[in-house]
Amino acid sequence: MESMTRLAVLLSGRGSNFVAIADACARGEVPAEIVLVVSNKPDAPGLERARERGIPAVAIPGKGIPREEHERLVIAAVAEAGAGWVCLAGYMRLLSPSFIERFPQRIVNIHPALLPSFPGLEAQHQAWAHGVKVSGCTVHLVDTGCDSGPIVLQRSVSVRNDDTAEILADRILEQEHVAYPAALRMLLTRPWRLEGRRVVFE
Ligand code: GAR
């Protein structure tokens, strides 16, 4: 039997990617267990969605305290839960180098564009406004930059003439829910290595 990896999910909002990962774990498609959900926003709906599933969920507010102090609290919660991997799922904060060094190549993020195009906020709107004909989503390992780490998996979405940024974002989100569990499954079940910034699966 494959051993269960313990995941912590960090989010700031709705939590639909968290739900996609949790459901894939429950179906046995990702050999992992989500042991903790952390939100920097106390009112994030994702916290409630975690609790409904019986997954421990805590708010660790980022406002009003220094970044090092906030991250110290998040790292302590993740360590106490025994998580070896950290999944960012709509976590709208940049992690400091010391956080990233604590989980080398074990922090994963999803971004709603085909990186390296359109990093940062409102990526779907950026892509739509730029007029690209294809966009999509990217699952990547997290490094110290903004949405700049090694790419694990991407899924593309065609942009239609009558799309609004919101309609495009909805279609990208559907692909995110496929891409994130698929990327985790690959990372956790297949041998892989980094060659430069390329993630190479054997
Ligand atoms: C998702 O679209 C995710 O790709 C995006 O936030 C949304 C969170 O939705 N993340 C970023 O933009 C990070 N740069 P969710 O809370 O329903 O998973």
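Refer to the structure printed above.
This report concerns the structure included in the present document.

Parameters and conventions
Residues numbered from 1 in each chain as written. Predicted model: local features only at pLDDT ≥ 70, side-chain atom pairs only at ≥ 80, totals over all residues. Heavy atoms only, no water. Near = heavy atom within 4 Å. Polar contact = N/O pair within 3.5 Å; in protein donor to acceptor, adjacent residues only side chain to side chain. Areas by Shrake-Rupley, 256 points an atom, 1.4 Å probe, with all protein chains shown as cover. Helix = DSSP H or I, 4+ residues; strand = E, 2+ residues; numbered from the N terminus. Contact = heavy atoms within 4.5 Å. Buried < 20%, exposed > 50% of the residue type's maximum accessible area, 1.4 Å probe, protein only.

1. Topic: the site of the ligand
Close contacts around the ligand come from 13 residues, with Arg14, Gly15, Ser16, Asn17 and Glu176 the closest. Between a nitrogen atom of the ligand and a side-chain N or O atom of His111, the distance comes to 3.2 Å. In this structure, Glu176 approaches the ligand through a side-chain N or O atom, which is 2.6 Å from an oxygen atom. Protein contact buries 91% of the 450 Å² of open area that the ligand shows by itself. Where the shell around the ligand is concerned, the elements lending two or more residues are helix 1 (16-26), strand 5 (107-111) and helix 6 (165-189).

2. Side note on the side chain of Ser12
As for its placement among the helices and strands, Ser12 is situated in the loop between strand 1 (5-11) and helix 1. Sequence-distant contacts of Ser12, that is, excluding residues within four places in its chain, are made with Ser39, Asn40, Lys41, Ala44, Ala89, Gly90, Tyr91 and Met92.

3. So, unusual backbone geometry
Cis geometry is found at the peptide bond from Leu115 to Pro116, where omega equals 10°. Relative to the assigned elements, Pro116 resides in the loop between strand 5 and helix 5 (123-130). Phi is positive for Glu122, close to 50°, though the residue is something other than glycine. Tracing the sequence through the fold places Glu122 in the loop between strand 5 and helix 5. Judged by relative accessible area, which is 60%, Glu122 ranks as exposed. With a phi close to 55°, Asp147 is a non-glycine residue in the positive phi region. Considering the arrangement of structural elements, one finds Asp147 in the loop between strand 6 (134-141) and strand 7 (151-158).

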